[in-house]
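Results of the structural survey
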Amino acid sequence: MQKKMSKGMLMAALICGSLSVLNVASAEEMQTFEMGEFVVTASRVATSKVDTPANISVIGSEEIADKNYSNVQEVLADTAGVNILGGGSKGSINGEDQIMINGDTRVLVLVDGRRMNVGSTGKTSANWLPPANAIERVEVLKGGGSALYGSDAVGGVINIITKKGAELGSQVTLKAAGGSWGTEQYGLTASGSNDKGLGVFIAANKERRGNFDYKNQHGDVVEMKNSGYNTEGVNLKLDQTVGDDARITFAFEHNNSEGGVPYGYTGYVDTDSFKRINNNVSLRYDWNETADNNGYIQVYRNHQHAKFYSEPNSDKNSDFVDETTGFNIQQNLKLNDNNELTVGAEYYKTEVENDNYTNGKNSINNKAVYLEERWKITDTWQLNTGLRYDEHNRYGEEFTPKVALNKKLNDDSNIYVSWGKVFKAPTVDMLYYEGLDGMPAGNPNLSAEKGEVWTIGGNAKLSERTSISANVFYTDLDDAIVAQYVPDSNGALDYKYINAKKEKRRGAEISLNHEFDEHLSGYASYTYMQIKQDDGNGYERNSNEKPNTYRAGLKYKNAGWTYNADLTAVSGQQVKVGGGYNGYTDSNYFVLDLGAQYKINENLKVFANIYNVTDARYQEVGGFSYEANPPYAPIDCMYPMPSRSFIIGAEYKF
């Protein structure tokens with residue numbers, strides 16, 4: 001294996017070196033826009049927005065504070081092209097409020113550049129990520145990122161950048177809020193630094209809520225039994241400057257959550273529950289932080305222990321531990337005024353122990369190297385190309401190249417085209433899970449998903465107050481993995497993971513931002529999505545897609561007051577057809593959220609938010625629950641979102 005690994009890595013290096021222009025594309029370096037003009041990558045290489053061939057959205061700390069978000073799910077909710085697939089209860093799908101980009105859940109989630117996707121499902125939940133008061137910004141790359149990030153980055157990448165004590169100075173902030181269904185939220189952040197270069201940041205949070213209400217398929221507002229939860233967590237970050245331009249950072253994250261699990265496969269039950277503990281630790285060293293030739297090395301370990309209890313059906317109980325150990329190193333090099341090169345390597349190993357696995361305990365690991373280069377051909381043309389080599393312990397070697405071309409039209413406008421290969425290895429659940437309680441069984445004979453992604457788009461500043469972005473995207477996958485009923489050797493139907501022949505995703509997105517004056521600003525976006533899969537019987541539309549999503553909002557700030565109005569509308573959803581489980585209660589819905597805050601002084605503010613003002617009946621995840629006994633008639637939508645609710649709170653800064 002070592003011999004093969006060395007040969008593969010050498011081949012990757014030779015190919016990249018010979019092309020002399022290889023790059024994963026700055027489109028794939030997680031970037032942020034400050035003042036609407038500059039991009040700062042996760043490796044701290046500054047690039048102007050018009051030189052970036054990518055569809056990128058960034059949510060900064062000011063917006064997080066203005067809207068009083070409490071978690072990542074709320075932070076991402078208004079972002080074009082992003083959906084959070086979950087129900088109103090954090091346990092409704094066992095805590096996994098999956099993040100979807102461009103209609104794809106194959107999304108890599110990072111915290112300060114460290115991968116958070118678990119090995120069991122290959123995904124991560126918004127509920128397991130740092131709380132909003134610990135976040136400096138959230139960067140969203142929409143489109144394939146396998147050339148830089150590997151297997152999990154088919155739909156895109158989300159990188160959550162957390163706060164540093166050295167940048168915030170000495171301060172303590174307390175937050176308390178309460179609202180509908182017995183909701184209580186408490187938050188504490190504290191930061192500081194000394195003259196020896198040590199910075200400290202800590203965030204502690206607690207949230208609990210009782211059963212929520214929702215609007216059922218008959219239009220009645222009813223209680224969702226067993227949907228309450230209780231969570232608490234602590235995030236700690238220590239960073240120490242070393243010499244003139246280096247830093248070492250230690251981070252620790254703890255989250256403890258428990259609550260009800262109203263699965264809904266055979267009707268809503270009030271006995272199932274879950275308990276989940278996450279403990280993550282990382283150590284990172286950055287050198288030449290403010291120089292062109294900067295780099296970093298990082299090691300980390302993520303630990304998750306989850307239990308699912310079902311009484312009196314104890315045979316459905318589940319207990320699993322998911323642990324990932326990882327390492328990555330990266331070096332940026334400025335070759336000359338027109339060329340920048342990035343080289344990197346990473347390794348991670350995930351071990352999952354689950355009493356519902358065929359073999360009890362299984363693991364996967366992956367080694368990778370990548371090279372990237374940004375080549376400025378002329379003052380207005382830039383070519384970004386790159387290649388990544390992965391070696392997966394089950395699926396062998398994989399090369400994923402990418403090429404992106406950017407044309408700078410003027411100082412505020414650009415157009416770009418990007419193409420890249422992507423691949424996605426099956427998760428541990430897909431390979432080994434026994435398929436209890438209506439869940440699909442694993443299939444050790446699965447092949448990896450492979451395909452290509454295209455993105456064509458542009459950005460323009462129409463005036464000093466108005467900017468627009470638009471793009472179209474296309475994904476074509478072979479051997480797409482789906483859960484489906486297939487006949488076994490005896491002719492009986494077996495619900496399991498299989499490789500479908502093809503999967504096609506088509507879409508488009510347009511976003512507009514406008515400042516009406518110094519106090520009032522607004523945004524609007526439209527996203528179109530079409531997902532079709534072919535299992536050998538021809539292409540069929542995915543019945544759980546959201547084909548048309550509209551988002552818009554207004555923000556007004558003046559004399560200590562901040563008002564927000566955000567709306568989401570969806571149309572064209574497929575309603576339940578025949579006796580199937582998929583589909584939605586309604587083809588269309590409209591949700592409006594309102595928020596207001598008032599800064600009494602520099603240290604104290606009060607706020608109030610009203611969610612789902614329209615009291616819409618809607619689901620982020622399609623599906624219906626059925627009676628436990630014949631005739632197995634549908635009862636209601638499986639994962640409903642809450643009806644109208646409110647929260648009121650205050651925040652004080654010392």
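Residues numbered from 1 in each chain as written. Predicted model: local features only at pLDDT ≥ 70, side-chain atom pairs only at ≥ 80, totals over all residues. Heavy atoms only, no water.

Let us now look at the overall build of the protein. A count of helices and strands for the protein gives 6 helices and 39 strands. A total of about 26700 Å² of accessible surface is found on the protein, and carbon and sulfur atoms cover 54% of it. (Helix = DSSP H or I, 4+ residues; strand = E, 2+ residues; numbered from the N terminus. Areas by Shrake-Rupley, 256 points an atom, 1.4 Å probe, with all protein chains shown as cover.)

Now for the packing of aromatic side chains. With the rule as written, the count across this model stands at 11 aromatic pairs. A centroid spacing of 5.1 Å and a plane angle of 50° characterise the contact between Tyr 389 and Phe 399, whose relative ring orientation is tilted. Note that Tyr 389 is positioned in strand β23 (residues 381-392) and Phe 399 in strand β24 (residues 396-410), a separation of 10 residues in sequence. Phe 399 sits in the partly exposed class, given a relative accessible area of 25%. Grouping aromatic residues by their ring pairs yields a cluster made of Tyr 556, Trp 561, Tyr 563 and Tyr 598. A cation sits over an aromatic face here: Arg 115 above Tyr 348, 4.0 Å from the ring centre. Above the face of the Tyr 296 ring, Arg 284 is positioned so that its terminal group lies 3.8 Å from the ring centre. (Phe/Tyr/Trp six-rings, centres within 6.5 Å; stacked < 30°, edge-to-face > 60°. Buried < 20%, exposed > 50% of the residue type's maximum accessible area, 1.4 Å probe, protein only. Lys NZ or Arg CZ within 6 Å of the ring centre and 35° of its normal.)

Next up on the list: a nonpolar patch on the surface. A surface patch of nonpolar side chains, about 760 Å² in accessible area, is lined by Val 242, Ile 248, Phe 250, Val 281, Leu 283, Tyr 285, Ile 297, Val 299, Phe 327, Ile 329 and Tyr 347. Elements that contribute at least two residues to the nonpolar patch include exactly β17 (246-260), β18 (273-287), β19 (295-309) and β20 (318-336). Ranked by residues supplied to the nonpolar patch, first place goes to β18 with 3 residues. Looking at where Ile 329 falls in the secondary structure, it is placed in strand β20. (Patch = residues over 30% accessible without salt bridge, like charges linked within 9 Å, V, L, I, M, F, W, Y side chains within 5 Å. Salt bridge = Lys/Arg side-chain N within 4 Å of Asp/Glu carboxyl O.)

This brings us to empty space enclosed by the protein. Inspection of every chain in the model, using the stated rule, returns 11 cavities of 30 Å³ or more. Here the largest cavity defines a volume of roughly 1000 Å³. For the largest cavity, the lining is made up of 50 residues, of which Gln 73, Glu 74, Asp 593, Tyr 611 and Met 641 are closest to its centre. The leading source of residues in the lining of the largest cavity is strand β35 (residues 589-599), at 6 residues. For the lining of the largest cavity, a count of residues per class yields 19 nonpolar, 19 polar and 12 charged. (1 Å grid on protein atoms, 1.4 Å probe; cavity = no way out; pocket = protein on both sides within 12 Å on 5 of 7 lines; lining within 4 Å. Points joined across faces, edges and corners; volume = space filled by probe spheres on them. Nonpolar A, V, L, I, M, F, W, Y, C, P; charged D, E, K, R; others polar.)

Take the nonpolar core next. Among the nonpolar cores identified, the biggest contains 21 residues, and Leu 76, Ile 99, Leu 129, Val 138, Val 140, Ile 158 and Ile 160 are the most heavily contacted of them. Not counting residues within four places of it along the chain, the set of residues in contact with Ile 158 comprises Leu 76, Ile 99, Ile 101, Val 107, Leu 108, Val 109, Leu 110, Val 138, Glu 139 and Val 140. Listed in part, the 11 residues of the second largest apolar core include Tyr 432, Leu 446, Ile 481 and Tyr 497. (Core = buried A, V, L, I, M, F, W, Y, C linked by side-chain atoms within 4.5 Å. Contact = heavy atoms within 4.5 Å.)

To continue, consider the side chain of Thr 549. In this structure, Thr 549 sits in strand β33 (residues 548-558). Discounting chain neighbours no more than four positions away, the residues touching Thr 549 are Ser 525, Tyr 526, Thr 527, Thr 568, Ala 569 and Val 570.

The next point concerns the pattern of salt bridges. Using the criterion set out here, one finds 35 salt bridges in the structure. Across the pair Asp 239 and Arg 247 runs a salt bridge whose closest N-O atoms are separated by 2.6 Å. Both residues of the pair, Asp 239 and Arg 247, belong to the buried class. With a closest N to O distance of 3.9 Å, Asp 411 and Lys 408 form a salt bridge. On the accessibility criterion, Asp 411 (62% relative accessible area) is exposed.

A few words now on the sheet that holds strand β7 (residues 107-111). Pairing between the strands of a sheet comes from backbone hydrogen bonds, and it takes one of two forms, parallel or antiparallel. Strand order in the open sheet formed by 5 strands is β4-β9-β10-β7-β8, and the pairing between neighbours is mixed. Across the chains shown, the open sheet's two edge strands, defined by having one partner strand only, are β4 (56-60) and β8 (114-115). Direction of pairing for strand β9 (residues 135-142) relative to strand β10 (residues 156-162): antiparallel, over a ladder of 7 bridges. Within β10, the residue paired with Leu 141 across the bridge is Val 157. (Pairing = 2+ DSSP bridges.)

Notably, Trp 181 is not glycine yet its phi reads approximately 60°, a positive angle. Looking at where Trp 181 falls in the secondary structure, it is placed in the loop between β11 (171-179) and β12 (183-193).

Per-residue confidence for the protein averages 84 on the pLDDT scale, and 86% of its residues sit at or above 70. Ranking the helices and strands of the protein by mean pLDDT puts strand β36 (residues 604-611) first, with 97, and strand β1 (residues 31-34) last, with 36. Residue range residues 1-44 is modelled with pLDDT below 50. Its contacts to residues more than four positions away, or to other chains, number 135 contacts. (pLDDT = per-residue confidence, 0-100.)

With respect to the secondary-structure elements, Thr 385 resides in strand β23. Thr 385 sits in the buried class, given a relative accessible area of 7%. Expressed as a C-alpha distance, the spacing of Thr 385 and Arg 374, which sit 11 residues apart in the sequence, is 7.1 Å.

What follows covers the environment of Ser 191. Looking at the element boundaries, Ser 191 is found in strand β12. Residue Ser 191 is classed as buried on the basis of its relative accessible area, which comes to 12%. In this structure, the C-alpha to C-alpha distance between Ser 191 and Ser 170, residues 21 residues apart in sequence, is 5.3 Å. Reaching out from Ser 191, the side chain makes a polar contact with the backbone oxygen of Gly 169 at a distance of 2.7 Å. (Polar contact = N/O pair within 3.5 Å; in protein donor to acceptor, adjacent residues only side chain to side chain.)

A few words on the side chain of Asn 365. Secondary-structure assignment places Asn 365 in strand β22 (residues 361-376). Dropping the residues within four chain positions of it, Asn 365 is found in contact with Tyr 347, Tyr 348, Lys 349, Glu 391, His 392 and Asn 393.

The sheet contact formed by β35 and β36 spans 6 bridges and is antiparallel. Its bridge partner lying in β36, Ala 596 is registered against Ala 608. The turn joining β35 and β36, which pair antiparallel and follow one another in sequence, is formed by 4 residues. Summarising the sheet, β36 and strand β39 (residues 645-653) pair through 8 bridges and their orientation is antiparallel. From the neighbouring strand, Val 606 faces β39, where its bridge partner is Ala 650.

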